[in-house]
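The lines below spell out each chain.
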Amino acid sequence: MDYYVYHGFTVLDFDHFFGEPIHDCMDKPGFDRPMWIERAFSNTNTHTRPWADAVVKKYGSGMKYCAVGFCFGGPQVFNLAKEGSLIICDAIADPATLSEDLTEIDECTCPFPKETRRKVENRLVEQKKTCHFHISSGRVKEDCQRGMVAWFKRFTT
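Model, not experiment: these values are computed from the prediction.

Here is what the cut-offs are and how they apply
- Residues numbered from 1 in each chain as written.
- Predicted model: local features only at pLDDT ≥ 70, side-chain atom pairs only at ≥ 80, totals over all residues.
- Heavy atoms only, no water.
- Phe/Tyr/Trp six-rings, centres within 6.5 Å; stacked < 30°, edge-to-face > 60°.
- Helix = DSSP H or I, 4+ residues; strand = E, 2+ residues; numbered from the N terminus.
- Buried < 20%, exposed > 50% of the residue type's maximum accessible area, 1.4 Å probe, protein only.
- Contact = heavy atoms within 4.5 Å.

Undergrad: Looking at this structure, I do not really get the packing of aromatic side chains. What am I missing?
TA: Geometry of an aromatic ring pair is reported as the spacing of the ring centres plus the angle between the planes. Within the structure shown, the criterion is met by six aromatic pairs. Pairing Phe9 with Phe152 gives two aromatic rings, centres 5.9 Å apart and planes at 75°, and the pair type is edge-to-face. Of this pair, Phe9 sits in the loop between α1 (2-6) and α2 (22-25) while Phe152 sits in helix α6 (residues 140-156), and the two are 143 residues apart along the sequence. Here the two residues Phe9 and Phe152 agree in accessibility, since each one is buried.

Right under this line is the structure:
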């Protein structure tokens, strides 16, 4: 998040894991990974839109809002973008779980399989959505963040 702040963006987020990130749970006796994933997605799906609405209430509807989702946040960003009323620009990187219709959450398929990604790309192109695809290897996070900052600046300046 600091990278976006450094480039002049105000960054807001909430704890998507509600105090239980997976790395803190994995060594606990009896940890049930599929149950953790199901609960984490359920909580996030329940709270993302109300949180976003609270942000708009606090900062105003006249602001230009962008959303970024790495891994776990990918589906929520797509769902906010699909609604079309809040964010003007979105970006995702390595979405953990997306289906081809951009709205359903499938079982965890980290990383996002290229076949599904290509179907999503095709659907966005067919719908004539303004989009940009950036595929990196190596320093993926840094490359993605640079591209996302440029993408956000395109729509906010």
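Undergrad: Can you help me understand the side chain of Thr48 in this one?
TA: The residue Thr48 is located in helix α3 (residues 33-59) in this model. Overall, Thr48 belongs to the buried group, its relative accessible area being 8%. What Thr48 contacts, discounting residues up to four positions off in sequence, is Phe14, Gln76 and Leu80.

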